[in-house]
There are 2 protein chains.
Amino acid sequence: MKATSRLTLALLAAALAVPAMAQFAKPEDAIKYRQSALTVLGTHFARLGAMANGKMAYDAATAAADAEVVAVASRLPWHAFGPGTDKGRETAARPEIWQEGAKFKERGEAMMAQVADKLVPAAKSGSLDELKTAFGPTAKRCKACHDDFRRK
Amino acid sequence: MKATSRLTLALLAAALAVPAMAQFAKPEDAIKYRQSALTVLGTHFARLGAMANGKMAYDAATAAADAEVVAVASRLPWHAFGPGTDKGRETAARPEIWQEGAKFKERGEAMMAQVADKLVPAAKSGSLDELKTAFGPTAKRCKACHDDFRRK
């Protein structure tokens, strides 16, 4: 599958999932859900990073399995940031998420695109060099959003 | 893809992921991770249930997207129940998980098989009737494990 069609599919899947994602009974459920999705995402992303940075032995099958989880998890958190979900449970989400919604959305889409187009193919390529090349720019996408939208 | 080969792939992916899954720096990280994976799993599974039980309008694309997440998430929690992860953070995990490890493992594998062989194909079939048929037996797999291994 070409990178472009893979991205298209990922964005399509994300779009399709909107109606379901929007349905949380209470704000605290949405907050717990998005924190959980980001924990899963961060855990598997960190493992790819540990391999890319030589802190963990590179294993092609492990990298591919982690990438599979990252691909799915990267699409999940966004729709749990709906209106009214800024409170209800302890959260590091900054009010700017709702005040600058367009920017937040653009950041999320840029991250998903980077993951789908660059990181996942690299992590599945069997090449540590390709993983190294893709990891840094993806980590920068995470950091850019955290810097602006997550409390320290 | 036939159900059998899909299951084989799912179990293979789970097996391949073991080395990575086993690497948590601290027990609390493993506990937080498995709780997060189960929250994601439970959220999407509950949505399939809401559609199956008529509490939410059935939408074939939404069901397929939820099933995709359930398929991945169902494989994640197991390897975060390693030795020494019974403490370190608030957890509903009962000691029987480690005292009756073979039974716990068998329950997890039965759930993954049910998800991969029955629930996912049904949720992707576009047929609400098929989803209804597959949902109940899968929910029973969840409950059987919760009854024995999760604190009330």
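Residues numbered from 1 in each chain as written. Chains lettered and ligands numbered in written order. Predicted model: local features only at pLDDT ≥ 70, side-chain atom pairs only at ≥ 80, totals over all residues. Heavy atoms only, no water.

Turning our eyes to something else, we now look at the packing of aromatic side chains. Taken as a whole and judged by the stated rule, the model has 14 aromatic pairs over all chains. When the centroid spacing of 6.3 Å and the interplanar angle of 50 degrees are considered together, the rings of Phe81 of chain B and Trp98 of chain B count as tilted. Of this pair, Phe81 of chain B sits in the loop between α3 (60-73) and α4 (96-99) while Trp98 of chain B sits in helix α4, and the two are 17 residues apart along the sequence. For Trp98 of chain B, a relative accessible area of 26% puts it in the partly exposed group. Among the aromatic residues, those joined into a ring-pair cluster are Trp78, Phe81, Trp98, Phe104 and Phe149 of chain A. Over the face of the ring belonging to Phe24 of chain B we find Arg47 of chain A, whose NZ or CZ atom lies 4.8 Å from the ring centre. (Phe/Tyr/Trp six-rings, centres within 6.5 Å; stacked < 30°, edge-to-face > 60°. Helix = DSSP H or I, 4+ residues; strand = E, 2+ residues; numbered from the N terminus. Buried < 20%, exposed > 50% of the residue type's maximum accessible area, 1.4 Å probe, protein only. Lys NZ or Arg CZ within 6 Å of the ring centre and 35° of its normal.)

A few words now on the relation of the copies chain A and chain B. With an axial shift of 0.0 Å and an RMSD of 0.0 Å, the rotation relating chain A to chain B amounts to 180 degrees. Both chain copies can therefore be described as sitting about a two-fold axis. Rotation axis and chain A: the residue whose C-alpha lies nearest the axis is Ser36 of chain A, separated from it by 2.1 Å. (Least-squares fit on C-alpha atoms with pLDDT ≥ 70 in both.)

When the terminal C-alpha atoms of α3 of chain B are compared, their 20 Å separation across 14 residues agrees well with the 20 Å that a helix rising 1.5 Å per residue should span. With 10 of its 14 residues buried, α3 of chain B lies for the most part within the structure. (Expected span 1.5 Å × (residues − 1).)

Fair warning: the whole summary comes from geometry, so function is off the table for now.
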